[in-house]
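# Notes for the structure review
One letter stands for each residue in the lines below.
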Amino acid sequence: MTLGSLFDGAGGFPLAGTMAGITPLWASEIEPFPIRVTTRRFPDMKHLGSITAINGGEIEPVDIVTFGSPCQDLSVAGRRQGLSGERSGLFLEAIRIIKEMREKTHGRKPRYIVWENVPGAFSSNAGRDFQAVLTEISRFWMRSTST
């Protein structure tokens, strides 16, 4: 199995994947220090840069896409702007990339997606943000698996 990591940080998902026999192929991250860490840990993993510049139909399809979108706007320690916040709203960019990849592969890839976030994601906007996450994912996931 193969893995792509969006909002990669210091490569937690690729590391866990590698430990489970999964091959990380690419990652998206913009912070220089975490990129240096993952470049050293995973020299064969491609770094794609900013999530806003990636087209999911043009990158190598993977079995698993992982993403831990910026959580400052969802966190109970933050300002609680929710998905409408500047950082946590980037979640929709991950969904766009996954959608594009599934369209390009006729719903075959990715087979799995893993979204990691803070506990505040469940209570942000009285739970409406988490409902929006589930709705957005299921809207295209079910459509692309039924074709």
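Preceding this section is the structure that the text describes.
The rules we used
Residues numbered from 1 in each chain as written. Predicted model: local features only at pLDDT ≥ 70, side-chain atom pairs only at ≥ 80, totals over all residues. Heavy atoms only, no water. Helix = DSSP H or I, 4+ residues; strand = E, 2+ residues; numbered from the N terminus. Contact = heavy atoms within 4.5 Å. Pairing = 2+ DSSP bridges. Axes fitted to C-alpha atoms, helices over the stretch in contact; angles between N-to-C directions. Expected span 1.5 Å × (residues − 1). Buried < 20%, exposed > 50% of the residue type's maximum accessible area, 1.4 Å probe, protein only. Salt bridge = Lys/Arg side-chain N within 4 Å of Asp/Glu carboxyl O.

Regarding its fold elements, the chain presents five helices and five strands. Going from N to C terminus, the chain has its helices and strands arranged as β-α-β-α-β-β-α-β-α-α. Looking at the chain alone, contacts between residues at least 24 apart form 64% of all its contacts between residues at least 6 apart.

If you trace the five strands from one edge of the open sheet to the other, you get 3-2-1-4-5, paired in parallel fashion. The two strands at the open ends of the sheet, each matched to only one other strand, are strand 3 (46-47) and strand 5 (112-115). Across the sheet, helix 1 (residues 12-19) touches strand 1 (2-6), strand 2 (23-27), strand 4 (64-67) and strand 5, and the angle it forms with strand 1 is around 165 degrees. The strands touched by helix 3 (residues 91-104) are strand 1, strand 2, strand 4 and strand 5; relative to strand 4, the strand with the most contacts, the crossing angle is about 175 degrees.

Quick look at helix 3 now. Across its 14 residues, helix 3 extends 20 Å between first and last C-alpha, which sits within 8% of the 20 Å expected from 1.5 Å per residue. Inspection of helix 3 places Phe 91, Ala 94, Ile 95, Ile 97, Ile 98, Glu 100, Met 101 and Arg 102 among the buried residues, and these make up the whole buried set. Immediately downstream of helix 3, the backbone of His 106 shows phi near 55 degrees, a positive value.

Here the structure, examined in full by the defined rule, presents four salt bridges. Here Glu 93 makes a salt bridge to Arg 96, at a shortest N to O gap of 2.7 Å. Here Arg 96 and Glu 93 lie together in helix 3, a separation of three residues that amounts to about one turn. One salt bridge connects Arg 96 with Glu 100, and the closest N-O pair in it is separated by 3.0 Å. Residue Arg 96 and its partner Glu 100 are both found in helix 3; the two are separated by four residues, about one turn of the helix. Where salt bridges share partners, they join Glu 93, Arg 96 and Glu 100 into one cluster.

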